[in-house]
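If you want the building blocks of each chain, they are given just below.
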Amino acid sequence: MRANEAWGKLEELVVKLAGAHPQILFTAIIDTYGRCSIGVGVKENDPVIDAANSALDQVQAPGFADWLAPNRVIATEAQKNKILKLVIEGPEARKLKGAPRAMRLSRLLNNESWRLTQPPGGQGWPKVVAFYSFKGGVGRSTAAAISALLMAREGRRVLLVDLDLEAPGLEGYFGFTQEQLEGGMVDLLLAKAAIGDSWSFDPLEHRLAYADDPEVSSKGGLLHIVPAGRLDRSYPERLGRLALADIARSRGPDGALRSALQGFIDAESYDLVMVDSRTGFSEIGGMALNGLADLNVLMFKAAASERRYVEVVLDQMARLSADEVKSAKDANELAQSLLFVFSMAQLPTRQAEAEEFDLELREHISHQLWERVFKDLPQGVWVQPSPRDEDTPDAPVPHDIVLIPYLRDFPALSRAHDMLYNATQMGVKGYEQLARRILDVKLAMPVVHPASSTQPDPSVVGDVVTALTALTSEVQAEVDLGDLGALRERFLPRASHRELLNPEILIIQGPKGSGKSALFMAFKHREFLAQLARHAQVSPDQQQRLSQTTLLIGFDEGMSGWAQNAMRALFKRISKLPKGDLHEVLRAFWRTLLCAVLLSKLSGEPLLTSPEGPPLPPLSRTPTVEDAPTLCLDTEVQSELIAWVGALGDRAKFQGKELWLLYDGLDAHLTTDIERRSALLSALVDLWWGFRPKRMPLRARIFLRDDLWENEVRLVDKAKLLLHTHRAQVQWSSEDLYRILIKRLLNSESFETLLRSNNLWRDTLKPQPGLELLGRVPPDDAEWLKSVILALVGEYMGATKKKGVTYNWLITHLSDARGQARPRMLLALFSIAAKAQGTDETGRAPLSPEKLRLALRGEVSKIAVEELREEFGAEWTLNGHWVPDKFKEHETLWPVNYAGLVRSLVKHLEADKSEVTELLRKMETSGLLERRSAKAHDRVQVPDIYLYGLGLTRKG
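Thresholds, definitions, all that
- Residues numbered from 1 in each chain as written.
- Predicted model: local features only at pLDDT ≥ 70, side-chain atom pairs only at ≥ 80, totals over all residues.
- Heavy atoms only, no water.
- Helix = DSSP H or I, 4+ residues; strand = E, 2+ residues; numbered from the N terminus.
- Buried < 20%, exposed > 50% of the residue type's maximum accessible area, 1.4 Å probe, protein only.
- Contact = heavy atoms within 4.5 Å.
- Areas by Shrake-Rupley, 256 points an atom, 1.4 Å probe, with all protein chains shown as cover.
- Lys, Arg positive; Asp, Glu negative; His and termini not counted.
- Charge placed at Lys NZ, Arg CZ, Asp CG, Glu CD.
- Salt bridge = Lys/Arg side-chain N within 4 Å of Asp/Glu carboxyl O.
- Pairing = 2+ DSSP bridges.
- Axes fitted to C-alpha atoms, helices over the stretch in contact; angles between N-to-C directions.
- Polar contact = N/O pair within 3.5 Å; in protein donor to acceptor, adjacent residues only side chain to side chain.
- Phe/Tyr/Trp six-rings, centres within 6.5 Å; stacked < 30°, edge-to-face > 60°.
- Lys NZ or Arg CZ within 6 Å of the ring centre and 35° of its normal.
- UniProt positions renumbered as here; feature names shortened; annotations may be inferred.
- Disulfide = S-S within 2.5 Å.
- Parallel < 35°, antiparallel > 145°, perpendicular 65-115°, else oblique.
- Left-handed = near helix turned anticlockwise from the far one by under 90°.
- Nonpolar A, V, L, I, M, F, W, Y, C, P; charged D, E, K, R; others polar.
- Expected span 1.5 Å × (residues − 1).
- pLDDT = per-residue confidence, 0-100.

Asker: Please give an account of the overall build of the chain that cites residues and values.
Answerer: Counting its secondary structure elements, the chain contains 38 helices and 25 strands. Principal-axis analysis of the C-alpha atoms gives the chain an extent of 100 × 70 × 60 Å. Out of the 956 residues in the chain, the part that is buried amounts to 55%. Pairs at least 24 residues apart make up 76% of the contacts formed inside the chain by residues separated by at least 6 positions. A total of about 41,600 Å² of accessible surface is found on the chain, and carbon and sulfur atoms cover 49% of it. Positive and negative charge centroids in the chain, built from 118 and 126 side chains respectively, lie 2 Å apart.

Asker: An account of the pattern of salt bridges is needed here, citing residue identities and associated values.
Answerer: With the rule as written, the count across this model stands at 57 salt bridges. Close ionic contact of Glu166 with Arg278 constitutes a salt bridge, the shortest N to O distance being 3.6 Å. Residue Glu166 is located in the loop between strand E7 (157-162) and helix H5 (185-195), and its partner Arg278 is located in the loop between strand E10 (272-276) and helix H10 (283-292); the two are separated by 112 residues in the primary sequence. For Arg362, the salt bridge identified is with Asp400, shortest N-O distance 2.3 Å. Here Arg362 is found in helix H13 (residues 351-372), whereas its partner Asp400 is found in the loop between H13 and strand E13 (402-405), with 38 residues between them in sequence. For Arg362, a relative accessible area of 9% translates into the label buried. A residue is classified by how much of its surface remains accessible, and Asp400, at 5% relative accessible area, is buried. When salt bridges with common partners are traced through the structure, they connect Asp667, Arg677, Arg705, Asp707, Glu712, Glu871 and Glu875 into a single cluster.

Asker: Now, about the sheet that holds strand E14 (residues 507-509): what can you tell me, with residues and values included?
Answerer: Here five strands make up an open sheet; going across it, the order is E15-E16-E17-E14-E18 and the pairing parallel. Looking at which strands have only one partner, the edges of the open sheet turn out to be strand E15 (549-555) and strand E18 (727-729). Geometrically, the sheet is characterised by an average inter-axis angle of 20 degrees between neighbouring strands, direction not taken into account. Note that strand E16 (residues 658-663) and strand E17 (residues 698-704) share five bridges and pair parallel. Along E17, the bridge assignment pairs Leu661 with Ala700. Helix H21 (residues 540-547) contacts E15, E16 and E17 of the sheet and is inclined by roughly 60 degrees relative to E15.

Asker: I'd love a proper account of the side chain of Arg436, names of residues and values included.
Answerer: Residue position: Arg436 is located in helix H15 (residues 430-442). Judged by its relative accessible area of 16%, Arg436 is buried. Here Glu154 takes part through its side chain, which lies 2.2 Å from a polar atom of the side chain of Arg436.

Asker: I'd like a description of the environment of Gln509, backed by residues and values.
Answerer: Relative to the elements of secondary structure, Gln509 occurs in strand E14. For Gln509, a relative accessible area of 2% gives the class buried. Sequence spacing of Gln509 and Glu850 is 341 residues, and the spatial spacing of their C-alpha atoms is 35 Å. Sequence-distant contacts of Gln509, that is, excluding residues within four places in its chain, are made with Lys516, Leu704, Asp706, Trp709, Arg727, Ala728, Gln729 and Val730. A polar atom in the side chain of Gln509 sits 3.2 Å from the side chain of Gln729.

Asker: So what's going on with the packing of aromatic side chains? Which residues, and what values?
Answerer: Tallying each qualifying case throughout the model produces 23 aromatic pairs. Here the aromatic rings of Phe589 and Trp590 are separated by 5.2 Å at their centres, their planes lie at 65 degrees, and the arrangement is edge-to-face. The pair formed by Phe589 and Trp590 is uniform in burial state, with each residue classed as buried. Over the ring of Trp125 we find Arg258; its NZ or CZ atom is 4.9 Å from the centre of that ring. For Arg494, the ring lying beneath its charged end belongs to Trp732, and the centroid distance is 3.8 Å.

Asker: Which residues make up the UniProt feature "domain: CobQ/CobB/MinD/ParA nucleotide binding" (unreviewed entry) in the chain, and what values do they have?
Answerer: Feature annotation in UniProt assigns "domain: CobQ/CobB/MinD/ParA nucleotide binding" (unreviewed entry) to the following positions: residues 130-266. Helix and strand shares over residues 130-266 are 39% and 12% respectively, and the end C-alpha atoms of the span are 20 Å apart.

Asker: I'd like a description of the pairing of E15, backed by residues and values.
Answerer: Burial analysis of E15 places five of its seven residues in the buried class, which makes it a mostly covered element. Bridging between E15 and E16 involves six bridges; their strand directions are parallel. Directly across from Leu551, in E16, lies its bridge partner Trp660.

Asker: How would you sum up the state of the cysteines? Please name residues and give values.
Answerer: Applying the stated criterion across every chain, the model contains zero disulfides. In this structure Cys595 is a free cysteine whose sulfur lies 13 Å from that of Cys632, the closest cysteine sulfur available.

Asker: Tell me about the packing of helix H4 (residues 140-153) against H15, and please be specific about residues and values.
Answerer: As a packed pair, H4 and H15 sit with axes 9 Å apart at the nearest point and diverge in direction by 70 degrees. One element, H4, and the other, H15, form an angle in the roughly perpendicular class. Once H4 is placed against H15, the crossing between them reads as right-handed. Residues Thr142, Ala143, Ile146, Ser147, Leu150 and Met151 of H4 form the contact with H15, whose participating residues are Tyr431, Glu432, Leu434, Ala435, Ile438 and Leu439. Residue composition of the contact of H4 with H15, by class: nine nonpolar, two polar and one charged.

Asker: Give a detailed account of helix H23 (residues 579-601), specifying residues and quantitative values.
Answerer: Relative to the 33 Å expected for 23 residues at 1.5 Å per residue, H23 spans 33 Å between its end C-alpha atoms, a close match to the ideal helical length. Counting buried positions along H23 yields 17 of 23 residues, so the element is predominantly enclosed.

Asker: Describe in detail the sheet that holds strand E1 (residues 26-30), supporting the description with residues and values.
Answerer: Spatially, five strands are ordered E3-E2-E1-E5-E4 in an open sheet, and the strand pairing comes out mixed. Each of the sheet's edge strands pairs with one partner strand only, and the pair in question is strand E3 (68-75) and strand E4 (93-95). The sheet shows a mean angle of 20 degrees between the axes of neighbouring strands, taken without regard to direction. Note that E4 and strand E5 (residues 102-106) share three bridges and pair antiparallel. From the neighbouring strand, Ala93 faces E5, where its bridge partner is Leu105. Against the sheet, helix H1 (residues 3-20) makes contact with E1, strand E2 (36-40), E4 and E5, and its axis sits at roughly 165 degrees relative to E1, the strand it touches most.

Asker: Mind laying out the confidence of the model for the chain, listing which residues take part and the relevant values?
Answerer: Considering every residue of the chain, the mean pLDDT works out to 86; 92% of them sit at 70 or more. A low-confidence stretch, residues 448-453 (pLDDT under 50), is modelled with 13 contacts involving residues beyond four sequence positions or located in other chains. Across residues 473-479, confidence stays below pLDDT 50; counting only partners more than four residues off in sequence or on other chains, it has 19 contacts.

Below you can see the structure in the form of C-alpha cells.
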C-alpha cells in the first residue's frame, strides 16, 4: 500500500468514528515520516480509546498496518497536550469533510509551504508579484526582468528580487557582473537564521541600482535588483546551510523572508516588489504561490505536451482550497491574483487559426480552474465567466491568458533592453501586454500620464469643443456611410477586419450600434474593401480573391416597404403548413430572391452572357424580387432555380470569379412578427449553409444582432457554425472605441493643433500611400490613446483618482452587462457633453469630466434605453407593458434582490413567474441586466448606460 492510500484510509476511519461519537474530537495524525495514528479528545482510560483501536484492527486493507505509528491511538483531552494545541491553533491542521469534529494533522520534513498559506504583507507594503513556472526553460526570468524594466520606464519604483536560489542570475539581464555583487538573499537569510532577533542589515550592500536606461530616469522611475548572492566558490555551501523548510514555516511579518524584504521596503519607497521564484515543488515556490505575493504570474509553455502541468500546480496550491475561500469577495480576490502566461508559442500565421489557438488555451485554463478550484466553493460564491471574457479590475477573469510568441533571436541576447527591442522590432507585443495586464488590470495601477506643460490656445480648445459637438447631431446610424467620402472620414479600419474578410465567414454578428451596418456599407465598395484588406494585412492570395469578387445586395433596408407587405401576404398563404414544409417554402423564398437579384444585377455581365463555361439552363419564368413570395410555392420553378444556381456556380468557378451576397437590416425591415422573423432567418442561414459542401463560389455575409442569432435562428446543425470559422463577432476593445472617436476628430484642423501642442501628433496620422480611401487612421497604441484622452478630458473624472481614471471610467460606464460598449454611445456621450458645455467653459482640456458624467446620466442613458425599446419593444412586452419600465415600480435604488424583483413583476404585470424569469434571462443575455449570485443573496443590477434612462439610480 502506498503512503497516500494509507492516509486516505486513516481519514475515512476518523470521519467514521467522529460520526459515531459526534461529541468527541477525532484527529487523523500523520507524522513527519508519514506514519499514522488517531488522536481522540478523551482521557487515557476512556472506552472510546478501545473503540478507536478496535476500528484500526478491523481495517481490511493489505499493508495498512505497516503505516501505523507505535502509538496508534493518542488521548488528547489534556489542555496542555501539544497535539491538541496544534489541532486547535496550528496551521498544519484542517477539517475533514463528512463529520463536524473530524480533523487532520500532519507535519512534513519539507514542502510545507505548499500546504500552508502565508498571511498578507503588513500595512504600507507595496504590491508583490511573483513569477512562477513548474518547469524550467519557459522564459520566466526573462519575463520578470522585461516586465520590471517596462514598469520602471513608466515611472514605477520597482524592487526585483531573485528568489531562484538554486539557479540564480537575474542581475545578468541588466549587465551586472559577479564582481559587482556584495551580498544577496542567500546571505540575508543565512544571517537571519544565525543571528536571530537582533539581526539587521544595510540594504545598500545587498541591492543593485540599474541606472543605464535613460527612459527610466526621464520618467522618474527606479529599478533595484536584489540578487541571490555572489556566485563564488562558497555559494553552494552558503545555500546548503539554509534550512529552507524552516524558512517556509516561519510565516507572517516576522518570518525570515518577509523580514528580509521588509528591510528593503523600509529603506526605499517602492510601488512594486517583483519576485522571480524557484520552479517545481520548491519551498520558495510554495511560499510565493500561497500568500507571499498579491499576484502570481504562472508561466507555462504553450505546447500541448506542456499544458498538463497547469492542473498539477492548481491541485497543489493550498490557498486555492475551498477552506480558504468563503465568500464572493474571497473568490474575486483569488481570481484577481492569478495570471496565466503561455510562452514560446508557435502561433499560426492565419488570424482565424491564431485566435482559435488562443481560445483553445483559454478554454483549457477555464476548465481546469472550474474543476479544480471554483466548482467546490460554496454555491453562488463564484460565477464562471465565459472563456472569451476579458479580464478587468472589477470582474476578474483568471483564464484571460497572455501569449508570448517564440522569438528565435532571444537565445543570442543577454540584456533585458536588447530583448525588448528585438521583440518590438518583430512586432511581438506579448511583454507589453503582460506589463499592462499586471498594472492596469490585476493590480489596478494604471499608468500616470504627466500633464502637458503647454497651455493650449483657448480658441483652439473652443474649436475642438465645436468639433466634438459635430461628432453626431443625433445618434446617427451607420447607414450614413453611404459613399466613399463618408467612409474615408468616419469608418475605422481595425485589425479585427482581417477575420471579417475571411471568405469562409457566413454570419457577422454583434449588438445594435456595434458597427455591423458600417461594415455592410464598406462591403458595398470594392475599391474601399481592397484597401481595407491591405490595411488588415490580409494574405495576398485572399486579396486576389477579393479583387475577383462581385458584391451584391441580397437584402437591406431599401427593401423594407416591399418586404413588410410581401411577408404578410406570404404567411397568410402558408400559415397552415406543417413546420417542416414551412421551412422549405421559406428556403425557396430566399432562393427565388437570390436568383432575382443575380439576374437583375448581372444582366449583360460575362458571367451570364459569355459562351465560355458550362451553359445556364433555361428558365420558364424569369423571377423578380416582387415575384418571390409567389414563385416560392411553385415546385416546378424551384426545380429550375436549383439547377440554375448550381450551373451559375460552375460558370463562376470556370471563370475564376466569386459572388458575395450581403444581407443587412433583417431585424427591423423584414417583418415585425417575431415568430415569422425567426422562421425567415432560419431559412436564410440554412439555404446558404447548404451551399457550403458543394464548394460553390457563391458566398453570403449575413449581418445579425447577437440576440437574433442566439434566440431566433433555429437549425438542426447550428452548433457546426463555429465562431471564428463560420461566424465573426463584431466587438470593440477600449482602444478601438477611442480610435473611432479620434478618427472622427481628425477631420478637424483644431484637433490636429491640439495634438501638436501636446506633442502627440504623428506623421502616420496622415493618409498613407495606397490607403488613401481609408483616410486618417489613429494608431492602435494604448499609451498614445491614453495621452490623447488626457489632453481631451484630463486624467481623472474629478480632482483626484478617487473619482476614477478617465480612460477606464468612460468605457466602464458605457458598457452593458456583458462588458460591451458601443461606438455609437461613446460618440454620443462626447457630442452631448460638448453641447452642454459650449465653448465658453473650457479649461486646459476641452471637456470637463462633470459634463461627461451629467451627459451619461441624462440624455445618453435615455438614448440607450430608447434604442433598447426600439430593438426589443415586442420581445420584452408582457400584458401590454414594456417590462423594463416596471423596474422603478419595484425599487429605484439598485441593485435589488432577484427573487424580490421577480415577485414584484409577477404582481404588477399579472404574469406567470415562468414568463417573467424567462424574460429576465433574455435581458441578461442582451446586456440589460447583470445577475450577481452569492450564497447569502442573489442580486441583479442594471448597468449605468441604461440605469438612469430607466429612472433608476444606484447605491454608491
